[in-house]
Amino acid sequence: MAEDDQTSQREDVEHYDGAAGGWRSLASVSHVFGEERPAPAVLQTLWRQNKPEGHMCTSCAWTKPSKPHLFEFCENGAKATIWDLTSDRCTPEFFAAHSIRELRGWSDHDLEKAGRLTHPLRYDAASGHYAPCSWEEAFATIGARLKALDPKSVVFYASGRASIETSYLYALFARLYGHNNLPDSSNMCHETTSVGLKKVTGSSVGTCVLSDFEACDLILFFGQNTGTNSPRFLHTLQQAVQRGCRIITFNPVREAGLVRFVNPQSPLQMTVKPSTPISDLYLQVRPGGDIAALAGICKRVLEIDGDTGGVLDRAFIAQHTNNFEEFAASMRETGWSQIEAESGLSRENLEQVVEIYCRSERVICVYGMGLTQHVHGSLNIAMLVNLALLRGNIGREGTGVSPVRGHSNVQGQRTVGITEKPELVPLDKIGRMFGFDPPRDKGRTTVEVVEGVLDGSVQGFIGLGGNFAHAISDSARAESAWERLELNVQVATKLNRTHLHPGRTSFLLPCLVRSEEDMQSTGPQAVSMECSLSHIHGSVGKNQPASPALLSEIAIIAGIAKETLQPNPRVAWDEWAGDYARIRDLIEETYPEEFRDFNKRLFTPGGFYRGNAARERKWETESGKAEFTAPHVLRALKEPLREDEYTLITLRSNDQFNTTIYGFSDRLRGLEGSRDILLINPDEMRRANLAANQAVRLVCAVEDGHERISHPLKVTPFDLPARCVGAYYPEMNPLIPLEHHDLLSKTPAYKGVPVRILI
Ligand SMILES: Nc1nc2c(c(=O)[nH]1)N[C@H]1C(S)=C(S)[C@@H](COP(=O)(O)OP(=O)(O)OC[C@H]3O[C@@H](n4cnc5c(=O)[nH]c(N)nc54)[C@H](O)[C@@H]3O)O[C@H]1N2
Ligand SMILES: Nc1nc2c(c(=O)[nH]1)N[C@H]1C(S)=C(S)[C@@H](COP(=O)(O)OP(=O)(O)OC[C@H]3O[C@@H](n4cnc5c(=O)[nH]c(N)nc54)[C@H](O)[C@@H]3O)O[C@H]1N2
Ligand SMILES: [Mo]
């Protein structure tokens, strides 16, 4: 079945169904190559990228296969490396020439474009500039300030790039100092998975490995944009399709990567062969409509089983699940008219899905931010698990639930203790290993960090990478609140907006990137990452550092920790920072099952698997079984839309990595030149009396005493469902109320914001 049969194309809207990958993907890389003028060694670096002897890409978290492609990198991975290895430098002279006040007028793109940070910097409030300082001064001052603060008022944030070794030490430092305030970017991203998937399956991460994708006969895709956000995954999908696996996609946007794909690795396909169609069925669900869509699918599966029998895996349900009867009853009671209205999909389309689902023996459910970033995001995931459980599609070869993680080591950070949830960490063991009593009280999520900065209960913040105040919801409120901090330390590679809101004492500390050589007292060091499929991969950087003054993240953490904590004979910061194999020994001692023979297995081709209980049908849930969940609502949004309101989904382009804006082309959606655009469907434009290219603003429809209005956006007709508009992240973050988050995990509801259009 060709994908075009499924959704009729309109002439009056922007859509780009050109293939993802291919020549244009290479052209897009060469554009960044030209702009950043990286050293010639970068080509060699790309050659080694994601291969056993090289460094693991800092872009997405998709797995690195044991038999890598000739070039095991994608357009975005190449861009990320080139962006890191630019020849531009953001030096003390740059900061002498530009005050913080002036830099706030720069765009996100221009801030990072200034180049790699080269020296440790301290903010000088009197002049309003960052000025160079020594590492000794930075460590001594930060240590003295931390000692003076109540540890419970301090937050150690991590963006998901720092390695497993770095993350272990960072979490240990936090607990030795006295808090569990260890949120990471996952709290804005897949925390819904960590909490919601865990609740129903016992697993806080996906249950699939690569071989499952080689054995499945159907993949259901919910709200994950592979072509833009995890392009190497397209190879896996293409191969699956070529061997007859079917793909069904649920997404309000027709994302080109999920429509068809050209493999840039295959010169033959780029010159003569037609591209591979990816999705058999592409359903443009309404934002927040997945609960209803999944209810429709589950209802129909149950109906067919009632009619003919043999559809449900009754033995599995009886032995492995809980709450089936209540769930089945709730599906029987849910009416089709409600399902169609809430999902925006027809009963006929949903029945087509069921027909394919019931014919497929092995099904994988893939999802991304389209499910997690909603007020009822955890329920979205529970509904997807309901569907999988009906036919025993978890814990068998070729089946499973596969959340696609974002940052390259965000999953690994959680595995080794970066979490605000103390119950997820073996605290007794850590206490014994290092001779102390770790704090047991719950730490802060990212949302709770901002609440704390706003009400004064958070006074100190260390950011290990990331652009926290700009990436979080209500970013305008967060950014100005940041200036109230007593202590604000940012460890970074490039300048970003969070750095422009220093607190009373502030440092900006530059670190190595993963592709650079990390030379310590015992020689060059390796680190490791965990991919979306729970494999641990070693990584070695070989490039010359951007500046001789840079330190590794581990050296920076050790430097601050030594100045903060009392000496402890079991805590050997210098030895650990001098030899990362010692840190891996500690990790193995703490987590012996997952990290057995860690140092020996570091460079296993394809990584080594850390195991997953749910994959073996051992359910680490409260009931000891996989849970069916009867939905209490059918809409993932907070409230129904009023007459003049729309649901805003915030989108990523394929020319950005989160708040890092490489350029202004959203090639895979056929949108070029500007990020200040509002995507809306032409029927809605007529209804609202809007003309293409007209300038409008968005205003948040939540009335809570805060006014939230966007900058002017150009109206752009685009193929979207009714009552829905799209615009880019992070520009739209000032519109999103902080209180607007998944109810269980507090992941911000970035994909379901009620807005009005101001003309
Ligand atoms: N190039 C690039 N790669 C990246 C990133 C990047 O910014 N740029 N970011 C990285 C990070 S940290 C992450 S977490 C991942 C994010 O990767 P994804 O999980 O793909 O996240 P998004 O692009 O935010 O949104 C995914 C899709 O959800 C759809 N969507 C929106 N609302 C709904 C809904 O209600 N239901 C459904 N079914 N779909 C919906 C959107 O149309 C979009 O196609 O990518 C990682 N990789
Ligand atoms: N509206 C809306 N908001 C969102 C989202 C959305 O879909 N919509 N997505 C959310 C998601 S999924 C995420 S993960 C967050 C992202 O939030 P963050 O992870 O906090 O943000 P990034 O933009 O990834 O951080 C970029 C900065 O990291 C620093 N950096 C880069 N590499 C390194 C390194 O190797 N070491 C160190 N120390 N620093 C480094 C650079 O200084 C760079 O400026 O945003 C969230 N915000
Ligand atoms: Mo993310």
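In what follows, the structure referred to is the one given above.
So, here is what we can say about the structure in this document. (Residues numbered from 1 in each chain as written. Chains lettered and ligands numbered in written order. Predicted model: local features only at pLDDT ≥ 70, side-chain atom pairs only at ≥ 80, totals over all residues. Heavy atoms only, no water.)

This part is about helix 24 (residues 446-455). The buried fraction of helix 24 is high, at seven of 10 residues. For helix 24, the secondary structure elements touched by its buried residues are strand 6 (154-158), strand 15 (460-464), helix 25 (468-471) and helix 26 (475-482). Count one or two residues on from helix 24 and you reach glycine 456, which has phi positive near 85 degrees. (Buried < 20%, exposed > 50% of the residue type's maximum accessible area, 1.4 Å probe, protein only. Helix = DSSP H or I, 4+ residues; strand = E, 2+ residues; numbered from the N terminus. Contact = heavy atoms within 4.5 Å.)

Right, let's get into the site of ligand 2. Taken together, the neighbourhood of ligand 2 is formed by 33 residues, with Glu112, Tyr157, Thr659, Tyr729 and Asn733 sitting nearest. Here an oxygen atom of ligand 2 sits 3.1 Å away from a polar atom, N or O, in the side chain of glutamine 373. The separation between an oxygen atom of ligand 2 and a polar main-chain atom of lysine 494 is 2.7 Å. Burial of ligand 2 by the protein amounts to 97% of the accessible area it has alone, namely 930 Å². Breaking the shell around ligand 2 down by element, the ones donating at least two residues are helix 25 and strand 16 (487-492). Taken together, the residues that form the shell around ligand 2 break down as 13 nonpolar, 14 polar and six charged. (Near = heavy atom within 4 Å. Polar contact = N/O pair within 3.5 Å; in protein donor to acceptor, adjacent residues only side chain to side chain. Areas by Shrake-Rupley, 256 points an atom, 1.4 Å probe, with all protein chains shown as cover. Nonpolar A, V, L, I, M, F, W, Y, C, P; charged D, E, K, R; others polar.)

On to the packing of helix 8 (residues 164-177) against helix 27 (residues 553-564). Put simply, helix 8 and helix 27 touch, their axes get as near as 9 Å, and they point 15 degrees apart. Put simply, helix 8 runs roughly parallel to helix 27. Considering how the two elements wind past one another, helix 8 and helix 27 form a crossing that is left-handed. Packed against helix 8, whose contacting residues are Glu165, Thr166, Leu169, Tyr170, Phe173 and Tyr177, the element helix 27 presents Glu553, Ile554, Ile557, Ile560, Ala561 and Thr564 at the interface. Of the residues that constitute the contact of helix 8 with helix 27, the class distribution is eight nonpolar, two polar and two charged. (Axes fitted to C-alpha atoms, helices over the stretch in contact; angles between N-to-C directions. Parallel < 35°, antiparallel > 145°, perpendicular 65-115°, else oblique. Left-handed = near helix turned anticlockwise from the far one by under 90°.)

Time to look at the sheet that holds strand 20 (residues 526-530). Across the sheet, which stays open at both edges, the three strands sit in the order 20-21-22 with antiparallel pairing between neighbours. Each edge of the open sheet carries a strand with a single partner, namely strand 20 and strand 22 (608-609). Sheet topology places strand 21 (residues 535-540) next to strand 22; two bridges connect them, and they run antiparallel. Within strand 22, the residue paired with histidine 535 across the bridge is tyrosine 609. Docked against the sheet, helix 8 engages strand 20 and strand 21, running at close to 85 degrees with respect to strand 20. (Pairing = 2+ DSSP bridges.)

Let us now look at the sheet that holds strand 11 (residues 281-283). As summarised here, the arrangement of the five strands in space is 11-8-7-13-14, forming an open sheet in which the pairing is parallel. Edge strands, defined here as strands with exactly one partner in the open sheet, are strand 11 and strand 14 (400-403). Across the sheet, the mean angle separating the axes of adjacent strands is 15 degrees when strand polarity is ignored.

Neighbouring residues of ligand 1: 29 residues in total, closest Asn251, Glu255, Asp290, Gln656 and Asn658. Contact distances for ligand 1 include 3.4 Å between a nitrogen atom and a side-chain N or O atom of asparagine 76. Here an oxygen atom of ligand 1 and a backbone polar atom of glycine 288 are 2.7 Å apart. For ligand 1, whose free accessible area comes to 910 Å², the fraction covered by protein is 99%. Counting only elements with at least two residues in the shell around ligand 1, the list comes to helix 11 (226-229), helix 20 (369-372), strand 24 (646-651) and strand 25 (656-657). In the shell around ligand 1, the residues fall into 10 nonpolar, 15 polar and four charged. Both of domain 3 (191-408 + 618-627) and domain 4 (646-758) provide at least three residues apiece to the shell around ligand 1. (Domains from an automatic or database assignment.)

Next up on the list: unusual backbone geometry. Looking along the chain, the bond that leaves tyrosine 729 and enters proline 730 is cis, with omega of 5 degrees. Looking at the secondary structure, you find proline 730 in the loop between strand 32 (724-728) and strand 33 (753-758). Look at asparagine 323: it is not a glycine, yet its phi comes out positive at around 75 degrees. Structurally, asparagine 323 can be placed in the loop between strand 12 (321-322) and helix 17 (324-333). A positive phi angle is found at aspartate 597, which is not glycine, with a value near 50 degrees. Along the chain, aspartate 597 falls in the loop between helix 29 (580-590) and helix 30 (598-601).

In this section: the packing of aromatic side chains. Following the criterion strictly, the structure yields 30 aromatic pairs and no others. Ring geometry for phenylalanine 94 and phenylalanine 95: centres 5.2 Å apart, planes at 85 degrees, overall edge-to-face. Across this residue pair, the class does not change: phenylalanine 94 and phenylalanine 95 are buried. By the ring-pair criterion, three or more aromatic residues cluster together here, those being Phe156, Tyr170, Phe173, Tyr177, Phe434, Trp573 and Trp576. Here the guanidinium or amino end of arginine 161 rests over the ring plane of phenylalanine 657, the centre of that ring lying 5.3 Å away. Positioned above the aromatic ring of tyrosine 282, the side-chain terminus of arginine 254 is 5.6 Å from the ring centre. (Phe/Tyr/Trp six-rings, centres within 6.5 Å; stacked < 30°, edge-to-face > 60°. Lys NZ or Arg CZ within 6 Å of the ring centre and 35° of its normal.)

For leucine 146, the location among the structural elements is in helix 7 (residues 135-148). We classify leucine 146 as buried; its relative accessible area is 0%. In this structure the C-alpha to C-alpha distance between leucine 146 and isoleucine 560, which are 414 residues apart in sequence, comes to 9.3 Å. Setting aside residues up to four positions removed in sequence, leucine 146 forms contacts with Val154, Phe173, Tyr177, Ile462, Leu487, Ile560 and Thr564.

This part covers the nonpolar core. By size, the foremost hydrophobic cluster in this structure holds 65 residues, and its most contacted members are Tyr168, Phe173, Phe434, Leu509, Trp573 and Trp576. Apart from the residues lying within four places of it in its own chain, the contact partners of phenylalanine 434 are Tyr168, Leu172, Asn568, Arg570, Val571, Trp576 and Leu586. Within the second largest apolar cluster, 58 residues are counted, among which are Phe222, Tyr357, Leu390 and Ala626. (Core = buried A, V, L, I, M, F, W, Y, C linked by side-chain atoms within 4.5 Å.)

With that settled, the discussion passes to the environment of glutamate 342. In this structure, glutamate 342 sits in helix 18 (residues 336-343). Judged by its relative accessible area of 18%, glutamate 342 falls in the buried class. For the pair glutamate 342 and glycine 578, spaced 236 residues apart in the sequence, the C-alpha separation amounts to 57 Å. Setting aside anything within four residues of it in sequence, one finds glutamate 342 in contact with Arg286, Gly289, Ala292, Leu634 and Arg635. Only 2.7 Å separates the side chain of glutamate 342 from the side chain of arginine 635, close enough to count as a polar contact.

Moving on, we come to the packing of helix 18 against helix 19 (residues 347-359). Two elements in contact, helix 18 and helix 19, have axes separated by 10 Å at closest approach and are oriented at 95 degrees. Here helix 18 lies roughly perpendicular to helix 19, going by the angle between them. Facing Trp336, Ile339, Glu340 and Ser343 of helix 18, the residues of helix 19 in contact are Arg347, Leu350 and Glu351. The residue inventory of the contact of helix 18 with helix 19, partitioned by class, reads three nonpolar, one polar and three charged.

Take it as geometry only, folks, not as evidence of what the structure does.
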